[in-house]
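Structure assessment
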Amino acid sequence: MNGSYRPPQKNRSQWLLSLLLVSGLALMGLFLLTSPDRANDQKYLTAQEVPISAITHGYANREFQKITVRDNRIFATRADNSVVQSYKEAGQTVSDLGLIDPKNPTIVQIENRETANLFYAILPDIGFLLIVGLVVFWLFRGIARSQNNALSFGKSRARVADAKQVKTRFADVAGADEAKEDLVEVVDFLKNPKKYTNIGAKIPKGVLLVGSPGTGKTLLARAVAGEAGVPFFSIAGSEFVEMFVGVGASRVRDLFTKAKRNAPCIIFIDEIDAVGRQRGGAGFGGGHDEREQTLNQILTEMDGFEQDTNIIVMAATNRPDVLDVALLRPGRFDRRIFIDKPDLNARLKILEVHARNKKVAKGVKLEDVSKQTVGLTGADLENLMNEAAIFAAKRKHAAITQEDLNDSVEKVTIGGERKSRKLSQHEKEITAYHEVGHAIVGHLCEHSDPLHKISIVSRGSALGVTWFLPQEDQYTTSKSKFIDEICGLLGGRAAEEIIFNEITTGASNDIERASAIARNMAMRYGMASPELGIVAYGERQGSAYAGTDPSLARNYSEDKARQIDDYVRATISEQYERAKGFLVKYKKKLEEVTQELLQEETMSVEQFMEIFEGKPVARIAKKKDEAKADNV
Ligand code: ADP
Ligand code: MG
Ligand code: ZN
């Protein structure tokens with residue numbers, strides 16, 4: 001039903017080619033079978049070799065029935081059909097050898113291959129030529145085909161799904177309720193355009209889906225097509241960009257032409273930021289020109305829709321900030337739908353969606369998984385369910401158990417365990433003290449997320465982890481929380497120093513993260529000193545090229561730069577002292593917990609609390625008073 005399908009063409013040249021090949025082979029075969037040379041070869045070649053005089057004498061004595069001279073070889077066949085052979089010198093003729101006695105009844109036959117057997121002589125050559133010719137032909141055809149491809153570059157590479165093929169429905173998209181509400185309207189535009197046009201309302205042409213990778217933008221776009229029952233043309237922005245200038249624009253043209261033939265339908269441009277970046281300004285090289293042309297073409301096509309063209313262009317991006325303003329103008333992608341990372345409830349629903357086609361044991365609590373996966377997207381959660389199923393299969397469970405799920409959560413969020421990595425006893429001890437340092441300091445800091453688990457089993461590049469779990473999805477962070485986070489991050493290094501009076505490289509990532517938090521507090525959130533004030537320092541710059549993060553341009557004085565550095569340094573050292581203070585005070589606990597961790601390798605928060613509080617504790621109860629005393 002649409003123009004992009006072409007029936008596979010039965011190729012006549014292919015048929016011809018096969019014919020030629022077969023006849024070439026047949027000729028060679030014919031030669032092998034029928035050549036008299038070959039037919040007698042077996043007998044001739046194995047013939048006993050005798051001196052030439054034996055043949056001339058034999059001739060004189062009439063011992064032979066037939067003598068065959070072939071080039072410089074002479075074969076003599078006796079009456080009993082046995083053959084002997086010999087060699088003559090080049091240039092010696094039959095008469096030189098005395099084989100021309102007219103009274104002798106022996107047949108003397110001279111086989112001159114060039115003349116007598118011309119046909120057979122050239123047969124293999126013809127066959128050979130035919131085959132070489134074929135190979136050359138094939139090669140050329142390959143080249144011609146790729147040139148054809150060069151000519152068809154302008155054809156869009158859009159994948160098209162017929163109305164019936166799109167099986168996705170809104171029910172497959174869990175959470176994202178606001179986005180779905182907005183999109184229900186779009187479905188209605190596609191289904192009942194008259195309802196809107198009769199009143200004189202313009203149907204929006206463009207819908208921009210904005211959200212982090214994996215939040216379900218593509219899924220939602222498909223669901224809209226599925227609900228509306230219209231074909232779905234999808235293409236990624238990067239596919240417009242090729243090495244030749246102008247190809248992108250012509251692909252856009254082709255795509256829209258096809259879409260118009262199939263209206264009502266949806267055109268979905270994934271990763272539109274690949275072509276829709278701000279024109280002019282930063283950017284370099286020919287690729288920029290190409291993007292600009294492609295973008296212009298998209299805009300032209302969207303402007304050119306007739307009033308009643310029932311096509312909705314949906315586009316997805318995770319970088320709305322870099323999009324050209326012209327794309328966002330009314331009449332183009334003026335509808336913007338933001339898709340957030342799922343919250344607690346939405347995560348649960350997404351997990352349920354992806355548990356539908358899997359065997360899950362009774363009593364499994366997906367809520368627990370949802371609680372432990374703050375910040376994960378729909379795609380992450382899908383992956384998580386799949387990993388759980390893989391664990392279950394490996395362990396020969398009949399269905400996915402809570403244990404499989406928990407291990408999968410750990411694997412997806414902090415990386416799989418690497419039991420194979422063997423640490424020396426000393427390294428193991430350092431790691432254990434380091435992690436317990438994080439745990440105790442984090443536990444004592446009032447604003448830190450609650451402790452969840454400590455482990456000294458290597459994962460990814462980390463030797464150990466201390467895992468804190470945010471209780472709630474948080475959208476803002478307070479200054480006290482930042483400070484406590486810095487303190488907790490420094491707890492590892494502090495423990496190393498207290499116990500070993502020696503420091504290792506193991507804390508480099510902690511230090512990096514702590515410094516970044518402090519720097520952001522000073523530069524972005526106005527949380528630092530009065531001298532720095534409530535000012536944002538550094539200006540975000542649009543990135544020059546796809547894929548690079550925008551850098552910060554320095555728009556402040558040397559003086560302020562030094563103040564920022566001072567603030568970062570002062571905050572870090574202050575918090576380091578604070579962390580050391582906690583650990584010195586609880587040094588005995590630090591030792592006890594570490595010994596247990598060295599035994600067990602992993603420790604739940606309950607085990608930690610039992611030792612730390614000296615009694616069994618159900619769940620985290622914070623010692624707020626103690627933490628507060630040292631708070632900033
Ligand atoms: P995006 O296009 O935003 O990068 P996708 O739509 O490609 O993300 O999502 C990838 C996969 O993640 C989907 O195929 C789907 O299986 C899963 N997924 C993402 N969000 C959801 C959701 N809200 N509900 C169910 N599955 C989801
Ligand atoms: Mg996508
Ligand atoms: Zn650490």
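What you see as residue numbers is a count from 1 along each chain, following the sequence as written. Each chain is given a letter, starting from A, and each ligand a number, starting from 1, according to the order in which they appear as written. In view of the model being predicted, local features appear only for residues whose pLDDT reaches at least 70, and side-chain atom pairs are presented and counted only at 80 or more, with totals across whole chains, interfaces and linings using the full set of residues. Water and hydrogen atoms play no part in the side-chain values, which are based on all heavy atoms of the structure.

Focus: the overall build of the protein chain
What counts, and what does not: Only DSSP runs of H or I reaching four residues or more are called helices, and only runs of E reaching two or more are called strands; each is numbered from the N terminus. Burial classes: relative accessible area under 20% of the type maximum marks a residue as buried, over 50% as exposed, and values in between as partly exposed (1.4 Å probe, protein chains only). Here, two residues are considered to be in contact whenever any of their heavy atoms come within 4.5 Å of each other. Using a 1.4 Å probe, the Shrake-Rupley method yields the accessible areas, and only the shown protein chains count as cover for residues.
When helices and strands are counted, the protein chain shows 24 helices and 16 strands. Burial statistics for the protein chain: of 632 residues in total, 43% are counted as buried. For the protein chain, long-range pairs separated by at least 24 residues make up 74% of all intrachain contacts whose partners lie at least 6 apart in sequence. Carbon together with sulfur atoms contributes 53% to the accessible area of the protein chain, which is approximately 33800 Å² in total.

Section: the coordination of the zinc ion (ligand 3)
We apply this condition: A donor here means an N, O or S atom no more than 2.8 Å from the metal, or no more than 3.2 Å when the metal is Na, K or Ca. Since water is not included, a site may seem to lack partners.
The zinc ion (ligand 3) binds to the protein through His434 (NE2), His438 (NE2) and Asp510 (OD); the donor distances cover 2.0 to 2.1 Å. Taken in chain order, the donor set of the zinc ion (ligand 3) reads H-x3-H-x71-D. Placement of His438 in helix 18 (residues 425-444) and of Asp510 in helix 20 (residues 508-523) is noted, with a sequence separation of 72 residues between them. Asp510 shares its class with His438; the two are buried.

Examining the site of ligand 1
Filter applied, for reference: Any residue with at least one heavy atom within 4 Å of a molecule or strand is counted as near it. Counted as a polar contact is a pair of N or O atoms within 3.5 Å, where, for protein atoms, one must be capable of donating a hydrogen and the other of accepting one, and residues adjacent in sequence contribute only when both atoms are in side chains. Cavity: a set of points on a 1 Å grid over the protein atoms alone where a 1.4 Å probe fits but cannot get out. Pocket: an open set with protein on both sides within 12 Å along at least five of seven lines, its lining residues, like those of a cavity, having an atom within 4 Å of a point. For this analysis, a molecule is said to be in a pocket or cavity if more than half of its atoms are within 2 Å of the grid points defining it.
Ligand 1 sits among 16 residues. The nearest are Ala174, Gly214, Lys217, Thr218 and Glu382. Between ligand 1 and Leu219 there is a distance of 2.9 Å, counted from an oxygen atom to a backbone nitrogen or oxygen. Glu382 is positioned with one of its side-chain polar atoms (N or O) 2.9 Å from an oxygen atom of ligand 1. Across the complex, the protein chains shield 82% of the 560 Å² of accessible surface that ligand 1 would expose by itself. Applying the majority rule of atoms within 2 Å of the grid points places ligand 1 in the second largest pocket. Looking at the shell around ligand 1, the elements with two or more residues in it are helix 8 (217-228), helix 14 (344-355) and helix 16 (378-394).

A word on the nonpolar core
Defined as follows: Residue types Ala, Val, Leu, Ile, Met, Phe, Trp, Tyr and Cys, when buried and joined through side-chain atoms within 4.5 Å, form a set referred to as a nonpolar core.
The biggest cluster of nonpolar side chains holds 49 residues, and the ones touching the most others in it are Ile440, Ile486, Met521, Leu583 and Phe608. Every element with two or more residues in this core is listed here: helix 18, strand 12 (451-455), helix 19 (479-500), helix 20, helix 21 (558-585), helix 22 (587-600) and helix 23 (605-613). Top element by residues in this core is helix 19. It accounts for nine residues. Excluding anything up to four places from it in sequence, Ile486 contacts Ala514, Ile517, Ala518, Met521, Thr571, Ile572 and Gln575.

With respect to the pairing of strand 3 (residues 73-78)
Regular strands show a simple pattern: their side chains alternate between the two faces of the sheet. What counts is decided by this rule: Here a strand pair is declared whenever DSSP counts at least two bridges between the two strands.
One ladder, built from six bridges, connects strand 2 (residues 64-70) with strand 3; its direction is antiparallel. Residue pairing in the sheet places Ile67 in a bridge with Ala76 of strand 3. In textbook terms, the turn of a hairpin is the stretch between consecutive antiparallel strands, and for strand 2 and strand 3 this stretch comprises two residues, one of which, Asp71, has a positive phi near 50°. Where strand 3 lies against strand 4 (residues 83-87), five bridges are found, and the strand directions are antiparallel. In the sheet register, Arg73 faces strand 4, and the bridge partner there is Tyr87. Counting the residues in the hairpin turn of strand 3 and strand 4 gives four residues, including Asn81, whose phi is positive at 75°.

A short note on the sheet that holds strand 16 (residues 602-604)
Rules: Here an angle of 0 to 180 degrees is reported between the N-to-C directions of two axes, which are lines fitted to C-alpha atoms, with helices fitted over the stretch in contact.
Strand order across the open sheet formed by three strands is 13-12-16, with antiparallel pairing between neighbours. Each of the sheet's edge strands pairs with one partner strand only, and the pair in question is strand 13 (465-468) and strand 16. Mean inter-strand twist for the sheet, computed between neighbouring axes without regard to direction, equals 15°. Relative to strand 13, strand 12 is paired through four bridges, and the arrangement is antiparallel.

Quick look at the environment of Thr505
Inspection of the secondary structure puts Thr505 in the loop between helix 19 and helix 20. Counting along the chain gives twelve residues from Thr505 to Arg493, while the straight-line C-alpha distance between them is 9.2 Å.

Concerning the pairing of strand 7 (residues 206-211)
For strand 7, the tally of buried residues reaches six of six residues, placing the bulk of the element in the interior. Residues of strand 7 alternate between two faces, with Gly206, Leu208 and Val210 on one and Val207, Leu209 and Gly211 on the opposite face, all of them buried.

Some thoughts on the environment of Glu596
With respect to the element layout, Glu596 can be found in helix 22. Placed twelve residues apart in sequence, Glu596 and Phe608 show a C-alpha to C-alpha distance of 8.9 Å.

Some remarks on the pattern of salt bridges
Threshold: By definition, a salt bridge exists where a carboxyl oxygen of Asp or Glu is found within 4 Å of a side-chain nitrogen of Lys or Arg.
One pass over the structure, following the stated rule, counts 19 salt bridges. Put simply, Asp404 and Arg395 hold a salt bridge, and the shortest N to O gap is 2.9 Å. By relative accessible area, Arg395 is classed as partly exposed at 29%. Two residues, Glu601 and Lys428, come together in a salt bridge whose shortest N-O distance is 3.3 Å. A residue pair is termed long-range when its members are at least 10 positions apart, and Glu601 in the loop between helix 22 and strand 16 and Lys428 in helix 18 qualify at 173 residues. Through salt bridges that share partners, Arg395, Glu403, Asp404 and Asp407 make up one connected network.

So, unusual backbone geometry
With a phi close to 50°, Asn501 is a non-glycine residue in the positive phi region. With relative accessibility at 66%, the residue Asn501 sits in the exposed group. Positive phi values are uncommon outside glycine, yet Glu601 reaches one of about 70°. Residue classification places Glu601 among the partly exposed positions, given a relative accessible area of 26%.

Overview of the packing of helix 6 (residues 177-191) against helix 8
Put simply, the rule is: Put simply, angles under 35 degrees are roughly parallel, angles over 145 are roughly antiparallel, angles from 65 to 115 are roughly perpendicular, and the rest are oblique. Should the near helix be turned anticlockwise from the far one by less than a right angle, the crossing is left-handed, and should it be turned clockwise, the crossing is right-handed. Three categories are distinguished: nonpolar for Ala, Val, Leu, Ile, Met, Phe, Trp, Tyr, Cys and Pro, charged for Asp, Glu, Lys and Arg, and polar for the others, with Gly belonging to the last.
It is at 9 Å that the axes of helix 6 and helix 8 come closest, and there the two elements cross at 40°. Overall, the two elements helix 6 and helix 8 adopt an arrangement that is oblique. Like other packed secondary-structure pairs, helix 6 and helix 8 cross with a definite hand, here right-handed. Contacts between helix 6 and helix 8 pair Ala179, Lys180, Leu183, Val186, Val187, Leu190 and Lys191 from the former with Leu220, Val224, Glu227 and Ala228 from the latter. Grouping the constituent residues of the contact of helix 6 with helix 8 by class yields eight nonpolar, no polar and three charged.

A few points about the packing of aromatic side chains
The condition is simple: Any Phe, Tyr or Trp ring, taking Trp's six-membered ring, that has another such ring centre within 6.5 Å forms a pair; planes under 30 degrees apart are called stacked, those over 60 apart edge-to-face, and the others tilted.
Overall, the coordinates contain seven aromatic pairs when judged by the stated rule. Between the aromatic rings of Phe232 and Phe268, the centroid separation amounts to 5.8 Å while the plane-to-plane angle is 20°, which identifies the pairing as stacked. With a gap of 36 residues between them, Phe232 in strand 8 (residues 232-236) and Phe268 in strand 9 (residues 265-270) connect regions that are remote in the sequence. With a relative accessible area of 1%, Phe232 lands in the buried category. Judged by relative accessible area, Phe268 falls into the buried class, the value being 1%.

Quick word on the layout of surface pockets
Just so we agree on the cut-off: Grid points are joined across faces, edges and corners, and a volume is the space filled by probe spheres set on the points. Domain limits in this description derive from either an automatic procedure or a database domain assignment.
Put simply, the largest pocket is a space of about 1400 Å³. The wall of the largest pocket is formed by 48 residues, among which Thr466, Trp467, Phe468, Leu489 and Arg513 lie closest to the centre. Within the residue set of the lining of the largest pocket, elements represented by two or more residues are helix 17 (402-414), helix 18, strand 13, helix 19 and helix 20. For the lining of the largest pocket, a count of residues per class yields 16 nonpolar, 19 polar and 13 charged. Both domains that furnish three or more residues to the lining of the largest pocket are identified here as domain 3 (344-413) and domain 4 (425-618). Along the wall of the second largest pocket there are 33 residues; nearest its centre are Ala174, Gly175, Ala176, Thr215 and Ile350. Per-element tally for the lining of the second largest pocket: the top contributor is helix 14, with six residues. Of the residues assigned to the lining of the second largest pocket, the class counts are 14 nonpolar, eight polar and eleven charged. When residues of the lining of the second largest pocket are assigned to domains, at least three map to each of domain 2 (159-339) and domain 3 (344-413).

The values reported here are purely geometric and, on their own, carry no functional implication.
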